[in-house]
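A look at the structure
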Amino acid sequence: MPEPMPPAEQLAIRVTAMPADANAYGDIFGGWLMSLMDSAAGLVAARYAKGRAVTIAVEGMKFHAPVFVGDEVSVYADLARVGRTSMTIEVQSWRRDRHAEQSCLVTQARFTFVALDDQRRPRIIGEQFV
């Protein structure tokens, strides 16, 4: 069976994991990865909503493999569903050792965002499905 490959498109963020992002054993904090994923999903949500959008839920968060200091972390975000005021965004994080070519899926989750108006109330963005 072939190794899974990262998505060809929808790259939202790429960073290097640094020592400040790790515990005493050199493993990157799960919360750091979740923050990157939330930021990536937020970029997609704000672009689609053409304005402010906020996280209201994270579902199906799975940690598949560890990330280490020095790894390149690429976060992919894909708009999966659009409701009346909300959007669901599928997010994956992949790691690559800085001296290697092969990537590995490390986390995935579904983020739900709601578009807000200037008074911070939900606003209509559409009812189509993507």
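Preceding block: the structure.
So, here is what we can say about the structure in this document.

A positive phi angle, close to 55°, is found at Lys 50, a residue other than glycine. The topology assignment puts Lys 50 in the loop between α1 (30-49) and β2 (53-63). At Arg 120, a residue that is not glycine, the phi angle is positive and equals roughly 60°. For Arg 120, the location among the structural elements is in the segment after β5 (103-115).

Looking now at the pattern of salt bridges. If you walk through the whole model with that rule in mind, you get 4 salt bridges. The partner of Glu 72 in a salt bridge is Arg 14, with the nearest N and O atoms 3.6 Å apart. Taken as a pair, Glu 72 in strand β3 (residues 72-82) and Arg 14 in strand β1 (residues 11-16) lie far apart in primary sequence, 58 residues in all. When its relative accessible area of 46% is taken as the criterion, Arg 14 is described as partly exposed. For Asp 117, the salt bridge goes to Arg 121, with nearest N and O atoms at 3.8 Å.

What follows covers the sheet that holds β2. Strand pairing in a sheet relies on backbone hydrogen bonds. The paired strands run either parallel or antiparallel. Strand order across the open sheet formed by 5 strands is β1-β3-β4-β5-β2, with antiparallel pairing between neighbours. With one partner strand each, in any of the chains shown, β1 and β2 form the two edges of the open sheet. Adjacent strand axes in the sheet meet at a mean angle of 25° when their direction is disregarded. Note: strand β4 (residues 86-96) against β5, 11 bridges, orientation antiparallel. Residue pairing across strands places Val 91 opposite Ala 109, the latter belonging to β5. Most of the contacts of α1 go to β5, to which it runs at about 50°, and overall it touches β1, β2, β3, β4 and β5.

The rules behind each value
- Residue positions are counted from 1 within each chain, in the order its sequence is given.
- Predicted model: local features are reported for residues with pLDDT of at least 70 only, side-chain atom pairs are reported and counted for 80 or more only, and whole-chain, interface and lining totals are derived from all residues.
- To obtain the side-chain values, all non-hydrogen atoms of the structure were included, while hydrogens and water were left out.
- Going along the chain from the N terminus, every DSSP run of H or I of four or more residues is numbered as a helix, and every run of E of two or more is numbered as a strand.
- Salt bridge, as used here: a side-chain nitrogen of Lys or Arg that lies within 4 Å of a carboxyl oxygen of Asp or Glu.
- Three labels apply to residues, based on accessible area from a 1.4 Å probe with only protein chains included: buried if under 20% of the type maximum, exposed if over 50%, partly exposed otherwise in between.
- Strand pairing follows a simple DSSP-based rule, namely that at least 2 bridges must link the two strands.
- Throughout, an axis means a line fitted to C-alpha atoms (over the contacting stretch in the case of helices), and angles, computed between N-to-C directions, take values from 0 to 180 degrees.
- In what follows, residue pairs with any heavy atoms lying within 4.5 Å of each other are defined as contacts.

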